[in-house]
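Given next are the chains, with one letter for each unit.
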Amino acid sequence: MMLQLDHIETYLDQFHILQGVSLSVQAGSITVLFGRNGAGKTTTLRSIMGLAPIRHGQIRYLGEEIGHLPTYSIARKGIGYVPENQGIFHDFTVEETFRLAMQKNDDEQKEKLAWMLDLFPDLGHYWKKKSGHLSGGQKQMLAIARAYVNSNGLLLIDEPSKGLAPIMVEKLMFHIESMKQKTTVLLVEQNFMMASMIGEQYYLMDEGKIVRGGAMQELKDDADTRQKYLGIA
Ligand SMILES: Nc1ncnc2c1ncn2[C@@H]1O[C@H](COP(=O)(O)OP(=O)(O)OP(=O)(O)O)[C@@H](O)[C@H]1O
């Protein structure tokens, strides 16, 4: 397993938010984390990144325990994180965003950037444009591409479809699916229709716990579970 969470417990202030979350992500796959608002999906990603430190449990990345490392060490191990708000600097152009992100700027990173520009041609078209002036979908692509050039294996992406028009969501999901050739993705997504088309594995969270997990097809076939935890038939 590329990433393995074993019974992690995370508190935010005095609140016990993650109550024994276990999940695993296989290399070269897309795993989707579903759950209604407030279920703990973002806190799970933040816990993996060390931004919401875990109090108990273990997080292993490529067999190595990373659960108590600081965020910069976790990022340096090659885990890329695309937060819900994208974390983009609006005054920077697309070019400047990559220049800042690609600290190594070695052949490997250059190759990764070339692949991203191939996958997201809009970024090349708007190379000199300020990030703040990009559309919502373009900003999302920029955030994903920036995380990708610095990661070496695993990308955590938090609700990339949020606020996007349906056609844009479709395009973005298609792009994320293409990324599977070269990376592994743990995706938090509320859009079941779209995410279930690209993800092979899923986990379903409710009230800080994983309540279901397995092959995506099982959730596709299980309208009762979807209704119960996601409110969709
Ligand atoms: N700083 C905080 N202090 C206390 N509780 C918090 C804090 N941040 C989030 N929470 C609570 O933790 C729970 C999990 O939040 P989280 O953002 O992980 O959920 P989520 O599944 O990502 O939700 P959404 O789909 O709405 O983004 C929620 O009940 C939320 O109110």
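Residues numbered from 1 in each chain as written. Predicted model: local features only at pLDDT ≥ 70, side-chain atom pairs only at ≥ 80, totals over all residues. Heavy atoms only, no water.

### Some remarks on the overall build of the protein chain
Cut-off, in case you're wondering: Under the DSSP-based scheme used, a helix requires at least four consecutive residues in state H or I and a strand at least two consecutive residues in state E, with every element numbered from the N terminus. The globule rule used for comparison is 2.2 Å times the number of residues to the exponent 0.38, while the radius of gyration itself is calculated over C-alpha atoms. Remark: exposure states derive from per-residue accessible area (1.4 Å probe, protein chains only) relative to the maximum for the residue type, with buried under 20%, exposed over 50%, and partly exposed in between. Contacts are assigned to residue pairs that have any heavy atoms within 4.5 Å of one another. A 1.4 Å probe and the Shrake-Rupley method give the accessible areas. Residues count as covered only by the protein chains that appear here.
Scanning the protein chain from N- to C-terminus turns up 10 helices and 10 strands. Relative to its length of 233 residues, the protein chain is compact, with a C-alpha radius of gyration of 17 Å against a globular reference of 17 Å. Projected onto its principal axes, the C-alpha coordinates of the protein chain cover approximately 45 × 40 × 30 Å. Evaluated residue by residue, the protein chain yields a buried proportion of 51% over its 233 residues. Across the protein chain, every contact between residues at least 6 apart in sequence was considered, and the portion connecting residues at least 24 apart equals 68%. Working note: accessible area of the protein chain is about 11,000 Å², and carbon and sulfur atoms make up 50% of it.

### Quick notes on unusual backbone geometry
Its identity is not glycine, yet His7 carries a phi of approximately 50 degrees, on the positive side. Inspection of the secondary structure puts His7 in strand β1 (residues 3–12). With a phi close to 40 degrees, Glu159 is a non-glycine residue in the positive phi region.

### Observations concerning the site of the ligand
Spelled out, the test is: The near set for a molecule or strand comprises every residue that places at least one heavy atom within 4 Å of it. Between N or O atoms, a polar contact is any pair within 3.5 Å; within protein, one atom must be a potential hydrogen donor and the other a potential acceptor, and residues adjacent in sequence are included only when both atoms are from side chains. The classification used treats Ala, Val, Leu, Ile, Met, Phe, Trp, Tyr, Cys and Pro as nonpolar, Asp, Glu, Lys and Arg as charged, and all other residues, Gly among them, as polar.
Neighbouring the ligand are 15 residues; Asn37, Gly38, Lys41, Thr42 and Thr43 lie closest to it. In this structure, Gly38 approaches the ligand through a main-chain N or O atom, which is 2.8 Å from an oxygen atom. Protein contacts shield 63% of the accessible area of the ligand, which totals 640 Å² for the unbound molecule. Broken down by secondary-structure element, the contributors of at least two residues to the shell around the ligand are β2 (15–25) and α1 (41–48). With three residues, the single largest contributor to the shell around the ligand is α1. Across the shell around the ligand, the residue classes tally to four nonpolar, six polar and five charged.

That is the geometry; function is a separate question.
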